[in-house]
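So you can see what is in the structure, the chains are spelled out below.
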Amino acid sequence: MLLLLAVVIGVLYGSAVYLLLRRNIFKLILGLIFLGHATNLLLFVASGLTSGYPAFIRFITGESESMADPLPQALILTAIVIGLGVTAFALVLVYRFYSVTKTVDLDELSENE
Amino acid sequence: MNTGLFITLLLFLSFLAPFTRRYLRGAAGWIYAILPLTGFIYYLGLLPAINDGMVILESYRWIDVYGINFSFYIDGFSILFSLIVLGIGTFILIYAGKYMQTYPMQGRFMAYLILFMASMQGVVVSGNLITMFVFWELTSISSYMLIGYYHEKPEARMAALQALLITGFGGLALLGGFILLGIPYGTYELSAILANPDLIKQSPLYLPALILILIGAFTKSAQFPFHFWLPGAMAAPSPVSAFLHSATMVKAGVFLLARLSPVMGGTELWHVLLTLFGGFTMVAGAWLSITQTDLKRILAYTTVSALGTLVLLIGTGTQYAMNAAIIFLLVHALYKGTLFLMAGNIEKVSGTRDINMLGGLYKSMPVAAIIMTLALVSMAGIPPMLGFIGKELIYESAVFAPTAKYLILIAAFFTNTVLVFLSLRLSLDVFWGDRPQYGKRPYEPYFALLVGPFLLMLGGLLLGLFPKILAEPLTASAITSISPGHDAVGLKLWHGINTALLLSIMTLIAGIMAYKYKVAFIAYSGGVNVRYFAREFAKGFASGMDAFLLYTKNQTKRIQHGYHRYYLMTVFAVASVLVWVMIWRTDPIVLELNFADMPLNLVAVLVLIVAAALSAVVSHSRVIALIAMGVIGFGITIIFIAYSGVDLAITMVMVEVLMVILAVAVLYHLPKYQKYSETGDRMRDGLVAALVGSFMMVLVLQAGTSQLGVPISDFFKETSYTEAFGRNIVNVILVDYRALDTLGEITVIAIAALGIFSMIKLTKKVKS
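Residues numbered from 1 in each chain as written. Chains lettered and ligands numbered in written order. Predicted model: local features only at pLDDT ≥ 70, side-chain atom pairs only at ≥ 80, totals over all residues.

Peer 1: An account of the overall build of chain A is requested, with residue identities and associated values reported.
Peer 2: Along chain A, the regular secondary structure elements total four helices and zero strands. For chain A, the succession of helices and strands along the chain, N to C, is α-α-α-α. Relative to the 2.2 N^0.38 estimate, which gives 13 Å for 113 residues, the radius of gyration of chain A is 19 Å and therefore markedly larger than a compact globule would have. Principal-axis analysis of the C-alpha atoms places the extent of chain A at approximately 65 × 25 × 15 Å. Looking at the 113 residues of chain A, the share that counts as buried comes to 57%. Contacts spanning at least 24 positions in sequence make up 58% of the contacts within chain A whose residues lie at least 6 apart. (Helix = DSSP H or I, 4+ residues; strand = E, 2+ residues; numbered from the N terminus. Rg over C-alpha atoms; globule rule 2.2 N^0.38 Å. Buried ≥ 20, exposed ≤ 12 C-beta atoms within 10 Å, placed from the backbone. Contact = placed C-beta atoms within 7 Å.)

What follows is the structure in structure tokens.
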């Protein structure tokens, strides 16, 4: 399964990079979102895959050994929320950008400086 | 008192000067001069003990790890230099207090001057190479401020910048040289290096260290081909020229060479390089001074020539040469300081510095005329001034030079002839002869403007009259400290009839002849200059700088092009090449393919994610991009659920819904996709993207198959319930163990919300 997940993460990174290199500012934001997803998934996969044992304390002894690692999950959770903040801000910024400049082409922005 | 305290006091005085000048008025120069005078007396008091062989070491901790300390090393050589710096410095402050009285910002000028004095004093007593470098650079910086003092004049700014760039470049080379020199010793302490002088010569680092240190010394001491900044520096006010650009700062390079000559010297290379550059600079400086008409530029070129002489003598390295170097150093400081100050006086009282516009000033300023003439007697090397002893020693060392004896003799003869010629010219053509019309009525300069030149000249006279009693104690230990094993040669005015004396007499005659036919001599020299030195070095330097600026401007335009996607592409391309090289060089990953752990439903989700990502990339439709975004988000949610990330999945669902809604809301206002890029561009971007994606894939496999350390999560698993009373460990970590992080996260969200709110609010205001 690791191999397949690695392929998925690779594809996500690849598409994120491709979108970041576009001139359309909306695609740029899309690339940013993909980059966030890919990174969250990377952290999650790199910390080891455990199916069926969420990091809960149960009162059955000996179970904590096979439990999923809670620390990376805590990190990813923070990352997801911060990612939401950044994306929301970026999206509204794009909206404002367009309403002021009437273009979504980033090259036009640098030419109009 | 000690050296550390003294330098600190000087720096403090420099800091106070701008604030106190206006209250002290005309007395400022006299009052500021008390401190350097105190230092002068202090070091003079140390001289007897130093002459008995004592060396004073002082050290303050600075950066222990690298063996860098604020250390001071005081032997005979440092004392001699300190006396020159502080002795002349005292008079310069008195002189400047009066000379600059009518100028604006005199307090600032005094501050720079004292700052320079502190840094120069620091250079000559440094006991650690890095300390010396710091003070060395401080002299360059204060020199920059002082040359550019008339900052409203473009040529002053230009000259200041030129001096700073050249000495700054040399300073950087010097730092490299010092570091290389310190490597074999494992320390930068001068005392340790001087104690074991041969270590560096056996090291392969000797050659690069030598070259770098020579660049530092040659730029500072205006050796050919770096000589041109010094005449340019004459844009500075006269006290500065007298202090920095004749007596002290330009001697720093000579000081360094002499200081390190026991360590770096003695080799063939040292000998050849120093003799060659020094000798050439000596002749070239003398030659170029002939045609100058500005008093200060004449003096500047003779200073270049004198610096060349000193380098030549240190390079020769024999007993006589080292003696000659020390004596000539002192001689030159005394007469050149006087001459520059007098040049300032002449300009002040007559309104011009052009020698062709001057003449007959003796009647207006007899005292000044006598002082200046006696200093010129020293420059010409005529008894009873100390200059005579200096010149005799130079001839002696040329006669006994181990190599290229005749070449050095001819060079020295020529240089001294020019000095005699210039002495006659500067005295006779300025003070006697026809009296032209002056713009204002010349008058005898004030007492404060004469006391310094007078005492410096008197020093040269007394040292020359009583060499045994006065000059020997002053210089003997300096000579032994820079050439260990050599004793000082006894100094006397009358050496008996020998080669040196005959040469002196011939020099005098040649100089007088040259003066007699001065018109022809100057014209001939000018003709040669036009033919061979038509392009001035300073102009060459300026156009070189312009070309360099143009180059950097174009380069910046090329690198800082302003297209964000090319910046990103550069980062991605470089990163992926580097990572791929690393992957190439590490062992391949061994993977066991186990189809049992690939549940079909999950595989289907993965396929969906991949398909969504690819369609978002290739699609021309914004709606498809939006759908792809949603599919990916929810696909990842399912992966989280499948592998025990329950909290993640819950958060992800909420975030994803919000994100898609937001995206729809924004996209509604945006125009449709347009085609912005060509197929070629897309191929190129695709290649970069594929490179990044593929190395990330390999990295995931690496990370997933290796365990580098024990996870620290066991701690959370054990204590989550017993100490924090929560069973959901992820939640406990977020709200308890890492509560502050979560607070920060909330703050980020709040700030983003504020930003969004204000952006939307702003829109409405503009519309209404």
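Having seen it, we continue.
Peer 1: Can you lay out the overall build of chain B for me, pointing to particular residues and giving the numbers?
Peer 2: Of regular secondary structure, chain B possesses 31 helices and two strands. Its C-alpha atoms give chain B a radius of gyration of 37 Å, more than 25% over the compact-globule value 27 Å for 768 residues. Here the C-alpha coordinates of chain B stretch approximately 115 × 65 × 55 Å along the principal axes. The buried share of chain B, reckoned over its 768 residues, is 47%. Long-range contacts, defined here as pairs at least 24 residues apart, represent 78% of the contacts in chain B between residues at least 6 apart.

Peer 1: Now, about the pairing of strand β1 (residues 56-63) of chain B: what can you tell me, with residues and values included?
Peer 2: Both β1(B) and strand β2 (residues 68-74) of chain B contribute to a ladder of seven bridges, which runs antiparallel. Looking at the pairing, Leu57(B) lines up with Tyr73(B) of β2(B). (Pairing = 2+ DSSP bridges.)

Peer 1: Report on the interface of chain B and chain A, specifying residues and quantitative values.
Peer 2: In this assembly, 85 residues from chain B lie in contact with 74 residues from chain A. Listing elements by their share of the side of chain B that touches chain A, those giving two or more residues are α24 (564-585), α25 (600-618), α26 (622-642), α27 (646-667), α28 (679-705), α29 (713-724), α30 (729-737) and α31 (739-767) of chain B. If you tally residues by element for the side of chain B that touches chain A, the top one is α28(B), at 14 residues. Looking at side-chain class alone, the side of chain B that touches chain A contains 59 nonpolar, 17 polar and nine charged residues. (Nonpolar A, V, L, I, M, F, W, Y, C, P; charged D, E, K, R; others polar.)

Peer 1: Give me the lowdown on the domain arrangement of chain B, citing residues and values where you can.
Peer 2: Residues and elements named next belong to chain B. Here the domain parsing of chain B yields domain 1 (521-553), domain 2 (564-713) and domain 3 (714-768). Across the boundary between the two partners, domain 2 contributes four residues, which contact six residues of domain 3. Here the side of domain 2 that touches domain 3 is built from residues that sort into two nonpolar, one polar and one charged. (Domains from an automatic or database assignment.)

Peer 1: Tell me about α26(B), and name the residues and values.
Peer 2: Taking 1.5 Å of rise per residue, the 21 residues of α26(B) would be expected to cover 30 Å, and the 30 Å separating its terminal C-alpha atoms lies within 8% of that figure. All of the buried residues along α26(B) are Arg622(B), Ala625(B), Ala628(B), Met629(B), Ile632(B), Gly633(B), Gly635(B), Ile636(B), Thr637(B), Ile639(B) and Phe640(B). At its buried positions, α26(B) is contacted by α2 (25-46) of chain A together with α25 and α27 of chain B. After α26(B) finishes, the residue Ser644(B) shows a positive phi value of roughly 65 degrees. (Expected span 1.5 Å × (residues − 1).)

Peer 1: Lay out the confidence of the model for chain B with the relevant residues and their values.
Peer 2: Averaged over every residue, the pLDDT of chain B is 88; residues scoring 70 or more account for 99%. Here the predicted complex scores 0.73 on pTM and 0.94 on ipTM. (pLDDT = per-residue confidence, 0-100.)

Peer 1: Let's hear about the nonpolar core: which residues, and what values?
Peer 2: Buried together is how nonpolar side chains tend to be arranged in soluble globular proteins. Of all hydrophobic cores here, the largest spans 200 residues; its most connected members are Leu113(B), Ile114(B), Leu146(B), Ile147(B), Leu310(B) and Ala325(B). A total of 21 residues in this core trace back to one element, the largest contributor, which is helix α15 (residues 319-350) of chain B. Ignoring sequence-local partners within four residues, the contact set of Ala325(B) consists of Ala258(B), Leu310(B), Leu313(B) and Ile314(B). Ranked by size, the runner-up nonpolar core spans 81 residues in total, among them Ala38(A), Leu71(A), Val617(B) and Val666(B). (Core = buried A, V, L, I, M, F, W, Y, C linked by C-beta atoms within 7 Å.)

Peer 1: Describe in detail the pairing of β2(B), supporting the description with residues and values.
Peer 2: When you tally the buried positions in β2(B), you get seven out of seven residues, the bulk of the element. Because side chains alternate across β2(B), one face comprises the buried residues Ile68(B), Phe70(B), Phe72(B) and Ile74(B), and the other comprises Asn69(B), Ser71(B) and Tyr73(B), equally buried.

Peer 1: An account of α25(B) is requested, with residue identities and associated values reported.
Peer 2: Along its 19 residues, α25(B) runs 27 Å from first to last C-alpha, staying within 8% of the 27 Å computed at 1.5 Å per residue. Along α25(B), the positions that sit buried rather than exposed are Leu602(B), Val605(B), Ile609(B), Ala612(B), Ala613(B), Ala616(B) and Val617(B). One side of α25(B) carries all its buried residues, which in axial view fall inside an arc of 135 degrees. In α25(B), the exposed positions that point more than 90 degrees away from the buried face belong to Leu600(B), Ala604(B) and Val618(B). Residues of α25(B) that are buried sit in contact with α1 (2-20) and α2 of chain A together with α26 of chain B. (Arc of directions from axis to C-beta.)

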